[in-house]
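This is what each chain is made of:
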Amino acid sequence: MSENKVNQSSENQKESEVKEAAENQSSNGNGEMKKEEKQEEDTAENEKADKKKKSKKDKKENKIDELEEKLKDLSDKHLRLQAEFDNFRKRTVREKADLIKSGGESVLTGILPVIDDFERAIQLLKDVPEDDAGKQGTLLIYSKFREFLKQNNVKEIAALHQNFDVDHHEALTKIPAPEEKLKGKVVDVIQKGYTLNDKVIRYAKVVVGE
């Protein structure tokens, strides 16, 4: 009877050892599985973090490209605006200069008929003695008028015996040229022409030989 108890106790101990070994093996297997799962989770997290970093980097690069494009557009607009302002400034200065030059054009043009009258009067006084007070006074006033025109850059247009020029002459009529060399040229001046700062303010009215 005592031997049976010993045998039973030995069997119970073996079963306990086998069970413990099985549990240890199962525990080790679960540990390895958990370790592999943890490694996979860590890898997935690393990949996720890398994607997040890459996404942030791409966003930064896109933002930089966008800002560079905006800067380029602003710079281009600034250059165009500067060029337009420079053109406007030059145009304004030129218009102002032209206005100053031709500002008295209407006044000077209005004086020209007076000059014509003086020249006709002088032509009629050619037979009057030089010491005549009326003749001297007329010549003096005419001289002052001519000087005034000269000071204001008003010049007489050369016409008599010159080639007919449509930019300066106005042909009233054509007549047979008295000489061969006067064909196509001005043979008589009906009314003198004038320029103001090289701009025609009155065309010379002429007769052209043909």
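See the structure printed just above.
Described in the following lines is the structure provided in the data block. Every chain is numbered independently, its residues counted from 1 as its sequence is written. This being a predicted model, a pLDDT of at least 70 is required before a residue's local features are given, and a value of 80 or more before pairs of side-chain atoms are given or counted; all residues contribute to the totals for chains, interfaces and linings. Side-chain metrics in this entry use all non-hydrogen atoms of the structure; hydrogen atoms and water are not considered.

Interaxial angle, 0 to 180 degrees, is taken between N-to-C directions of lines fitted to C-alpha atoms, where a helix line uses only the stretch in contact. Only DSSP runs of H or I covering at least 4 residues are called helices, and only runs of E covering at least 2 are called strands; the numbering of each starts at the N terminus. Look at helix α2 (residues 105-124) against helix α3 (residues 133-151): their axes get within 10 Å of each other, and the N-to-C directions meet at 145°. Where α2 crosses over α3, the two elements pack in a sense that is left-handed. Counted together, Leu108, Ile111, Leu112, Val114, Ile115, Phe118, Glu119, Ala121 and Ile122 of α2 and Thr138, Leu139, Ile141, Tyr142, Phe145, Arg146, Phe148 and Leu149 of α3 form the full contact between these two elements. Residue polarity follows a fixed list, in which Ala, Val, Leu, Ile, Met, Phe, Trp, Tyr, Cys and Pro are nonpolar, Asp, Glu, Lys and Arg are charged, and the others, Gly among them, are polar. Split into classes, the residues belonging to the contact of α2 with α3 amount to 14 nonpolar, 1 polar and 2 charged. Two helices crossing with the near one rotated counterclockwise from the far one by less than a right angle form a left-handed crossing, whereas a clockwise rotation gives a right-handed crossing. We call two residues in contact when some of their heavy atoms are within 4.5 Å.

Pairing is possible between side chains that carry opposite charge, provided their charged atoms lie close to one another. Definition used for salt bridges: Asp or Glu carboxyl oxygen within 4 Å of a side-chain nitrogen of Lys or Arg. The final tally for this structure, using the stated rule, is 14 salt bridges. Among the ionic pairs, Arg202 bridges to Asp116, the shortest N-O distance being 2.8 Å. In this pair, Arg202 is assigned in strand β5 (residues 199-202) and Asp116 in helix α2, connecting sequence segments 86 residues apart. Comparing Arg202 with Asp116, the two get one shared label, buried. Its salt-bridge partner being Glu156, residue Lys192 comes within 3.6 Å of it at the nearest N-O pair. Pair noted here: Lys192 is in the loop between β3 (186-191) and β4 (194-196) and Glu156 is in strand β1 (residues 154-156), with a separation of 36 residues, a long-range link. One network of salt bridges, with partners in common, ties together Glu119, Arg146, Glu156 and Lys192. Here the term buried applies to any residue with accessible area under 20% of the maximum for its type, exposed to any over 50%, and partly exposed to those in between, with areas from a 1.4 Å probe on protein chains only.

A few words on the sheet that holds strand β6 (residues 204-209). Pairs of strands are assigned from DSSP output, requiring at least two bridges between the strands. Pairing is mixed across the open sheet formed by 3 strands, whose spatial order is β2-β6-β3. Across the chains shown, the open sheet's two edge strands, defined by having one partner strand only, are β2 (169-175) and β3. Neighbour to neighbour, the strand axes of the sheet diverge by 30° on average, direction disregarded. Pairing analysis gives 6 bridges linking β2 to β6, with the strands arranged parallel. Within the sheet, the bridge partner assigned to Ile175 lies in β6 and is Gly209.

Attention now goes to unusual backbone geometry. Positive phi outside glycine occurs at Asn153, with the angle close to 60°. Locating Asn153 in the fold gives a position in the loop between α3 and β1. Relative accessible area serves as the criterion here: at 40%, Asn153 is assigned to the partly exposed category.

Here α2 contains 20 residues, and its C-alpha end-to-end distance of 29 Å stays within 8% of the 28 Å for a straight helix at 1.5 Å per residue. Within the span of α2, buried status applies to Leu108, Ile111, Leu112, Ile115, Asp116, Phe118 and Glu119. Where α2 is buried, its residues touch α3, β1, β3, β4 and β5. Take the residue count of a helix, subtract one, and multiply by 1.5 Å to get its expected span.

With respect to the secondary-structure elements, Glu180 resides in the loop between β2 and β3. Taking C-alpha positions, Glu180 is 8.8 Å from Glu210, a pair spaced 30 residues apart along the chain.

Before going further, it helps to examine the nonpolar core. Counting residues in each nonpolar core, the largest one holds 11 residues, listed as Leu108, Ile111, Leu112, Ile115, Phe118, Tyr142, Leu149, Val154, Tyr194, Leu196 and Ile201. When residues of this core are traced back to their parent elements, those giving at least two are α2, α3 and β4. With 5 residues, α2 is the largest single contributor of residues to this core. Those residues within four positions of Leu108 in sequence are excluded, and the remaining contacts are Phe148, Leu149, Asn152, Val154 and Leu196. One finds Ala159, Ala204, Val206 and Val208 within the second-largest nonpolar core, a separate group that totals 5 residues. Nine residue types can take part in a nonpolar core, namely buried Ala, Val, Leu, Ile, Met, Phe, Trp, Tyr and Cys, and a core is a set of them joined through side-chain atoms within 4.5 Å.

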